[in-house]
Amino acid sequence: MQENPINKISKRKEPMKLPKALSKEQTGELLNALNVAFDKHTFMGLRNITMVYTYLHTGLRLSELTSIKIENIKIIDGYIKIVK
């Protein structure tokens, strides 16, 4: 044999590991750290805090969160439209 037939067999895919959820204590520490790290009296600080809260409480993917446009936020109706 000139070639090993085993080389033609594809390798088994490793299962993807899901991220572990934060505990209540970890979430509390993170949210407290936001108030230290960001000034909620500035636009950028309030934006950053809002993004972390939204990320934690909605289950959005990071790419979905960062692609939200202002016209897709419906505050009066109480929802955010996610467009892909």
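Computed from a predicted model, the values in this text were never measured in an experiment.

Quick notes on the rules
Residues numbered from 1 in each chain as written. Predicted model: local features only at pLDDT ≥ 70, side-chain atom pairs only at ≥ 80, totals over all residues. Heavy atoms only, no water. Helix = DSSP H or I, 4+ residues; strand = E, 2+ residues; numbered from the N terminus. Buried < 20%, exposed > 50% of the residue type's maximum accessible area, 1.4 Å probe, protein only. Contact = heavy atoms within 4.5 Å. Expected span 1.5 Å × (residues − 1). Arc of directions from axis to C-beta.

A. Broad picture of the side chain of Thr54. Locating Thr54 in the fold gives a position in helix α2 (residues 43-58). Given a relative accessible area of 16%, Thr54 falls into the buried group. Apart from residues no more than four positions distant in its own chain, Thr54 is found in contact with Leu60, Leu65 and Ile80.

B. Broad picture of the environment of Lys81. With respect to the element layout, Lys81 can be found in the segment after β2 (79-80). Judged by its relative accessible area of 47%, Lys81 falls in the partly exposed class. Residues Lys81 and Ile70 lie eleven residues apart in sequence; the distance between their C-alpha atoms is 9.9 Å.

C. Spatial organisation of helix α1 (residues 24-37). Given a rise of 1.5 Å per residue, 14 residues ought to cover 20 Å, and the 20 Å separating the end C-alpha atoms of α1 matches this to within 8%. Within α1 the residues assigned to the buried category are Thr27, Leu31 and Leu34. All buried residues of α1 project into a common sector of 45 degrees when viewed along the axis, lining one side. Exposed residues lying more than 90 degrees from the buried face of α1 are Glu25, Glu29, Asn32, Val36 and Ala37. Those residues of α1 that are buried lie in contact with α2.

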